[in-house]
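Geometric and topological summary
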Amino acid sequence: METPLSFWIGFNAIVLALLAFDLCVLHREKRAISVMESLLTTLGWITLAVGFGVWVTYENGLGTGLNFFTGYVIEYSLSMDNIFIFVLVFASFKVAAEQQHRLLFWGVIGALVMRGLMIWGGAALLHKFEWVIYLFGAYILYAGVKMLSHKPDVEVEKMLVVRLARRFLPLSSRSEGDHFVVCENGKLKFTLLFLVLVVVEMTDLIFALDSIPAIFGVTRDPFIVYTSNVCAILGLRSLYFLLAGAVKSLVYLHVGLACVLIFIGGKMVTEGFYPLSTETSLIVVGGILGTAVAVSLLKSRRILLKKA
């Protein structure tokens, strides 16, 4: 069933209103974000996502609701890999704590636009060429196996986007507060903060190449794929401030995320022969992530006990 245009307009209007309230009211003053505030904000975004999922279930039935929640869990969990990269990027460029929230805000705006275009393109492609789902599945399998065999280790200055930006963009050597563009010696130049924003956007784009096809493995409904993606991305900033200091403790998280990708990729490749229900997918994904987090925390606790 095709989603009414009013649903698309209404959802995006609410998202823009929430973002405006977040930037102009909750975080009007430039300041560092505390752990408690991050926890409350994270719970707030999760509550809003759950509420929207309940509405989807009421409007379209249990099956569609489960598709939304499964897509949300997949996207939310895979976004934790973004957090690992953001920690490295902000540390490498020495981005002040009070600048990080506003920087991630504009990063989210860009991510919503890019992901919307990608989902629209992916849905159109699947509608015209049904067999493309198997290519998506094969790519997700490859990405999962690659993640499983390579522990994430990124040298920011060696990233292609950083090298290209330093080579072709007129960059200022000074940091000018929250400005992305400054006038230096009569010429407009981009600040280092703009370079960080570019890295954040490109990093999200790269991870979206994994997560969006993975959600298409759960449902072909572009509205559910889009809304589950957006709801997860909206909570990414608060999740970053909550987990930034604990990323190193989640030592097996990348293994769990890799297993999620492998499972979803395998499901997509074999769905024509051995289809799995959404309920089964949600249970498996939740079980994998829960196990990865629990084992990580147990490992970190043992390390701390040995040091003590």
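The notes below deal with the structure included here. (Residues numbered from 1 in each chain as written. Predicted model: local features only at pLDDT ≥ 70, side-chain atom pairs only at ≥ 80, totals over all residues. Heavy atoms only, no water.)

**Concerning the overall build of the protein chain**
Put simply, the rule reads: Secondary structure follows DSSP: runs of H or I at least 4 residues long count as helices, runs of E at least 2 residues long count as strands, and numbering of each begins at the N terminus. For every residue, the accessible area (1.4 Å probe, protein chains only) is compared with the maximum for its type, and the residue is labelled buried under 20%, exposed over 50%, or partly exposed between those bounds. The accessible surface values rely on the Shrake-Rupley method and a 1.4 Å probe; as for residues, cover is taken only from the protein chains in view.
Broken down by element type, the protein chain carries eleven helices and two strands. Along the protein chain, helices (α) and strands (β) appear in the sequence α-α-α-α-α-α-β-β-α-α-α-α-α when read from the amino end. Every one of the 308 residues in the protein chain was classed for burial, and the buried ones make up 44%. Roughly 15900 Å² of accessible area belongs to the protein chain as shown, and the carbon and sulfur atoms make up 69% of that amount.

**A short note on the pairing of strand E1 (residues 181-184)**
Counted only if it meets this: Paired strands are those between which DSSP finds at least two bridges.
Burial along E1 is one-sided: Val-182 and Glu-184 are buried, and none of Val-181 and Cys-183, which face the opposite way, are. Where E1 lies against strand E2 (residues 187-190), four bridges are found, and the strand directions are antiparallel. If you follow Val-182 over to E2, its bridge partner there is Lys-189. Counting the residues between successive antiparallel strands, the hairpin from E1 to E2 contains two residues, one of them, Asn-185, with a positive phi of roughly 55°.

**Concerning the packing of helix H3 (residues 62-92) against helix H9 (residues 236-243)**
Selection rule: Interaxial angles span 0 to 180 degrees and are taken between N-to-C directions of axes, which are lines fitted to C-alpha atoms, for helices over the stretch in contact. What sets the label is the angle itself: under 35 degrees gives roughly parallel, over 145 gives roughly antiparallel, 65 to 115 gives roughly perpendicular, and the rest give oblique. Crossing handedness follows the turn of the near helix against the far one: under a right angle anticlockwise gives a left-handed crossing, and clockwise gives a right-handed one. Contact between two residues is taken to exist if any of their heavy atoms lie within 4.5 Å; hydrogens are not considered. Ten residue types, Ala, Val, Leu, Ile, Met, Phe, Trp, Tyr, Cys and Pro, are classed as nonpolar, four, Asp, Glu, Lys and Arg, as charged, and the remainder, Gly among them, as polar.
In contact at an axis separation of 10 Å, H3 and H9 are set at 60° when each is read in the N-to-C sense. In terms of their interaxial angle, H3 and H9 are classed as oblique. Between H3 and H9 the crossing geometry is right-handed. Taking contact as the criterion, the partners of Tyr-76, Ser-79, Met-80, Asn-82, Ile-83, Phe-86, Val-87 and Phe-90 in H3 are, on H9, Leu-236, Leu-239, Tyr-240 and Leu-243. Residues that form the contact of H3 with H9 fall into these classes: ten nonpolar, two polar and no charged.

**Some thoughts on the packing of aromatic side chains**
Our working definition: For this analysis, a ring pair means two rings from Phe, Tyr or Trp (six-membered ring only for Trp) whose centres lie within 6.5 Å, classed as stacked if their planes differ by under 30 degrees, edge-to-face if by over 60, and tilted for the remaining angles.
By the definition in use, this model includes 16 aromatic pairs. With a centroid separation of 6.0 Å and an interplanar angle of 70°, the aromatic rings of Phe-11 and Tyr-226 are classed as edge-to-face. With a gap of 215 residues between them, Phe-11 in helix H1 (residues 5-26) and Tyr-226 in helix H8 (residues 222-234) connect regions that are remote in the sequence. An identical accessibility class is assigned to Phe-11 and Tyr-226; each is buried. When the ring of Phe-52 is compared with that of Phe-68, the centres are 5.3 Å apart and the planes differ by 65°; the resulting orientation is edge-to-face.

**Description of the pattern of salt bridges**
Our working rule: Definition used for salt bridges: Asp or Glu carboxyl oxygen within 4 Å of a side-chain nitrogen of Lys or Arg.
Enumeration over the complete set of coordinates arrives at one salt bridge. Where Glu-75 meets Arg-115, a salt bridge forms, and the shortest distance between an N and an O atom there is 3.1 Å. Placement of the pair is Glu-75 in helix H3 and Arg-115 in helix H4 (residues 97-128), with a sequence separation of 40 residues. Owing to a relative accessible area of 3%, Arg-115 belongs among the buried residues under this scheme.

**Quick look at H3**
Our working definition: In this scheme, a helix's expected span is set at 1.5 Å multiplied by one less than its residue total.
Counted at 1.5 Å a residue, the expected span for H3 with its 31 residues is 45 Å, and the 45 Å between its end C-alpha atoms agrees. One or two positions beyond H3, positive phi appears at Lys-94, with a value near 55°.

**Regarding the environment of Val-293**
With respect to the helices and strands, Val-293 occurs in helix H11 (residues 278-307). Residue class for Val-293 comes out partly exposed when judged on its relative accessible area of 31%. Expressed as a C-alpha distance, the spacing of Val-293 and Tyr-252, which sit 41 residues apart in the sequence, is 7.0 Å.

**Describing helix H10 (residues 253-270)**
With 18 residues, H10 ought to run about 26 Å at 1.5 Å a step, and its terminal C-alpha atoms sit 26 Å apart, in line with that. Those residues of H10 not exposed but buried are Leu-253, His-254, Gly-256, Leu-257, Ala-258, Val-260, Leu-261, Phe-263, Ile-264, Gly-265, Lys-267 and Met-268.

**Quick word on the nonpolar core**
A general trend in soluble globular proteins is that nonpolar side chains are found buried together. So the rule is basically this: Here, the term nonpolar core denotes a set of buried Ala, Val, Leu, Ile, Met, Phe, Trp, Tyr and Cys residues that are joined through side-chain atoms within 4.5 Å.
Ranked by internal contacts, the top residues of the largest apolar core, which has 79 residues, are Phe-11, Ile-74, Phe-90, Val-196, Phe-216 and Ile-264. When near neighbours in sequence (up to four residues on either side) are disregarded, Val-196 contacts Val-89, Phe-90, Phe-93, Val-95 and Leu-103.

**Some thoughts on a nonpolar patch on the surface**
Formally: By definition, no residue in a patch forms a salt bridge, and every one has over 30% relative accessible area; like charges are joined within 9 Å, nonpolar side chains (Val, Leu, Ile, Met, Phe, Trp, Tyr) within 5 Å.
Where nonpolar side chains cluster on the molecular surface, the patch consists of Leu-125, Phe-129, Trp-131, Tyr-134, Leu-135, Phe-273 and Tyr-274 and spans about 810 Å² of accessible area. As for its placement among the helices and strands, Leu-125 is situated in helix H4.

**A few points about the environment of Pro-222**
Within the element layout of this structure, Pro-222 appears in helix H8. Among the residues examined, Pro-222 registers a relative accessible area of 30% and is labelled partly exposed. In this structure the C-alpha to C-alpha distance between Pro-222 and Glu-2, which are 220 residues apart in sequence, comes to 9.3 Å.

**Focus on the side chain of Thr-227**
Residue placement: Thr-227 occurs in helix H8. A relative accessible area of 0% places Thr-227 in the buried class. In this view, Thr-227 contacts Phe-11, Phe-52 and Phe-68; residues no more than four positions away in its chain are not counted.

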